[in-house]
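Given next are the chains, with one letter for each unit.
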Amino acid sequence: MTDLSVEVCGLKLRNPTMLASGVLDETGKSMVEVAKSGAGAIVTKSVGSTPREGHGTPSVVELENGLLNAMGLPNPGIDLYSEEIEIALTAGVPVIGSVFGGTEDEIASLAAKMEGTGVHAVELNLSCPHARGYGAEIGSTPELVESICRKAKSRTSIPIFAKLTPNTPSIGDLALAAERGGADAVVAINTLKGMAISPEARMPILANKVGGLSGPAIKPVGVRCVFEIHEAVDIPVIGVGGIASGRDAVEYIMAGASAVQIGTAVWMHGPGIFSKVSGEVLKFMKENSYSKVKDMVGVAHADGR
Ligand code: RRO
């Protein structure tokens, strides 16, 4: 029997795919739809303490091999969004609530509020590459990552995931800091800081000028980051960045990911991507005599752990 189910920090997933934060997660209804389409778990939109409009438009540019976005953390605030989470929780798959904040205290109280909505875990967004005072601006320093995770852990009793930035000299050091702070898992990677210029207009295309690159172009960066993190820490790693096929997912898993998230491929191909990726992982496992996903985790490392 080939078994696609995985367990990450006590969360039971029927397959190793999760919806990444930021795509098709504005409403409870769309999250339920994604779960029905085959996602093993759902990560919500990143929400903050108060409503926020986000950056101006254009806020997304489609490139040859990926997407560049500078949405700017648009969200209705946790109080309003909790109504959507309530609906998402009816989907019957684990729901992970994503939060962002500007200080340790704000992030910790958002994590506590998020736990109060009934989600199964909280993902701390320490890695949005283009929001002043948030995300990667506070998630690039190991000391801050450690203290943010510690404070969030002290205010919650469900698993805490730290979503890390690849825009750093050593993502292994950030992961180690998250682990020291008590994070139960790390998620890697968020988008890579980038820019696109319109030669005709002679100016950056995004209203915010700078944005985050996602999609197929960043997969090798994500796989390398997961590989480095797996060597640095003992807590589970959740891989994300450019996954659109079963082989992409298997690469991440062999680098050390216990599960994977899919975002841009959902934007590009729709929610059917989850059953496609899962089906292809299953086929790979059958063809290569793996009976459990966890038997593939980290096998690309010399010690195979
Ligand atoms: O909202 C965004 O602009 C955004 C977020 Br929160 C994030 O984590 N990563 C990203 O590329 N964009």
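Only a predicted model underlies this, so the values are computations on that prediction, with no experimental measurement involved.

Brief notes about the sheet that holds strand β6 (residues 66-69)
Reading across the sheet, the four strands line up as β5-β6-β14-β11 and stay open at both edges, with antiparallel pairing between neighbours. Looking at which strands have only one partner, the edges of the open sheet turn out to be β5 (60-63) and β11 (192-194). With strand direction ignored, the average angle separating the axes of adjacent strands in the sheet is 30 degrees. Pairing of β11 with strand β14 (residues 211-214), which is carried by three bridges, proceeds in the antiparallel orientation. Each residue of the ladder has a partner; that of Gly194, found in β14, is Gly211.

Looking at the site of the ligand
All residues adjacent to the ligand are Asn69, Ala70, Met71, Gly72, Leu73, Pro74, Asn125, Cys128, Pro129, His130, Asn190 and Thr191. Residue Gly72 places a main-chain N or O atom 2.7 Å away from an oxygen atom belonging to the ligand. Leu73 places a main-chain nitrogen or oxygen 2.9 Å from an oxygen atom of the ligand. Because more than half of its atoms lie within 2 Å of the grid, the ligand is assigned to the largest pocket. The residue inventory of the shell around the ligand, partitioned by class, reads six nonpolar, six polar and no charged.

Here's the deal with the packing of aromatic side chains
Counted under the stated rule, the structure contains two aromatic pairs. Both rings, one in Phe100 and one in Tyr134, keep their centres 5.1 Å apart while their planes meet at 90 degrees; by these two values the pair is edge-to-face. Of this pair, Phe100 sits in the loop between β7 (95-99) and α3 (104-116) while Tyr134 sits in the loop between β8 (121-125) and α4 (136-139), and the two are 34 residues apart along the sequence. Consider the rings of Phe284 and Tyr290, whose centres lie 6.5 Å apart with planes at 15 degrees: the pair is stacked. Both residues of the pair, Phe284 and Tyr290, belong to the buried class.

Overview of the pattern of salt bridges
Under the definition given, this model contains 11 salt bridges. Asp248 serves as the salt-bridge partner of Lys219, at 2.8 Å between the closest nitrogen and oxygen. Placement of the pair is Lys219 in helix α7 (residues 219-232) and Asp248 in helix α8 (residues 246-255), with a sequence separation of 29 residues. For the pair Lys219 and Asp248, one class covers both residues: buried. Across the pair Lys276 and Glu280 runs a salt bridge whose closest N-O atoms are separated by 3.0 Å. Highlighted residues: Lys276 and Glu280, both in helix α10 (residues 273-287), separated by four residues, approximately one helical turn. The exposure class of Lys276 is partly exposed, given its relative accessible area of 37%. For Glu280, a relative accessible area of 31% puts it in the partly exposed group. Three or more residues are tied together by salt bridges with common partners; here these are Glu146, Arg150 and Arg180.

Concerning the pairing of β6
Neither face of β6 is left uncovered, since the one carrying Gly66 and Leu68 and the one carrying Leu67 and Asn69 both have all their residues buried. Sheet topology note: the β5/β6 ladder contains four bridges and is antiparallel. Each residue of the ladder has a partner; that of Leu63, found in β6, is Gly66. Remark: two residues form the turn of the hairpin made by β5 and β6, two consecutive strands paired antiparallel.

Side note on α8
The element α8 is extensively covered by neighbouring structure, given that eight of its 10 residues are classed as buried. Restricting attention to buried positions, one finds in α8 the residues Gly246, Asp248, Ala249, Val250, Tyr252, Ile253, Met254 and Ala255. In this fold, the buried residues of α8 make contact with β10 (185-188), α7, β15 (237-240), β16 (257-262) and α10. Once α8 finishes, Gly256 follows within two positions and takes phi at roughly 135 degrees, a positive value.

Some points on the sheet that holds strand β3 (residues 17-19)
Pairing is parallel around the closed barrel formed by eight strands, whose spatial order is β3-β4-β7-β8-β9-β10-β15-β16. Strand-to-strand, the axes of this sheet are offset by a mean angle of 25 degrees, without reference to chain direction. With four bridges connecting them, β8 and strand β9 (residues 160-163) associate as parallel partners. Opposite Asn125, over in β9, you have Lys163 as the bridge partner. Lying over the sheet, α10 contacts β3 and β16, oriented at roughly 165 degrees with respect to β3.

Quick notes on the nonpolar core
Grouped together as the largest cluster of nonpolar side chains are 89 residues, with contacts concentrated most on Val122, Leu124, Leu164, Val186, Ile229 and Met296. The residues contacting Leu124, other than those within four sequence positions of it, are Val99, Ile107, Ala111, Ile148, Cys149, Ala152, Ile160, Phe161, Ala162 and Lys163. Counting five residues, the second-largest nonpolar core is a separate cluster that includes Val61, Leu68, Ala70 and Leu206.

So, the packing of α8 against α10
α10 packs onto α8 with a crossing angle of 65 degrees between their chain directions and a minimal axis gap of 7 Å. Viewed along their axes, α8 and α10 adopt a mutual orientation that is roughly perpendicular. Here α8 and α10 pass one another in a crossing that is right-handed. Contacts between α8 and α10 pair Gly246, Ala249, Val250 and Met254 from the former with Val277, Glu280, Val281 and Phe284 from the latter.

What counts as what
Residues numbered from 1 in each chain as written. Predicted model: local features only at pLDDT ≥ 70, side-chain atom pairs only at ≥ 80, totals over all residues. Heavy atoms only, no water. Pairing = 2+ DSSP bridges. Helix = DSSP H or I, 4+ residues; strand = E, 2+ residues; numbered from the N terminus. Axes fitted to C-alpha atoms, helices over the stretch in contact; angles between N-to-C directions. Near = heavy atom within 4 Å. Polar contact = N/O pair within 3.5 Å; in protein donor to acceptor, adjacent residues only side chain to side chain. 1 Å grid on protein atoms, 1.4 Å probe; cavity = no way out; pocket = protein on both sides within 12 Å on 5 of 7 lines; lining within 4 Å. Sits in = over half its atoms within 2 Å of the grid points. Nonpolar A, V, L, I, M, F, W, Y, C, P; charged D, E, K, R; others polar. Phe/Tyr/Trp six-rings, centres within 6.5 Å; stacked < 30°, edge-to-face > 60°. Buried < 20%, exposed > 50% of the residue type's maximum accessible area, 1.4 Å probe, protein only. Salt bridge = Lys/Arg side-chain N within 4 Å of Asp/Glu carboxyl O. Contact = heavy atoms within 4.5 Å. Core = buried A, V, L, I, M, F, W, Y, C linked by side-chain atoms within 4.5 Å. Parallel < 35°, antiparallel > 145°, perpendicular 65-115°, else oblique. Left-handed = near helix turned anticlockwise from the far one by under 90°.

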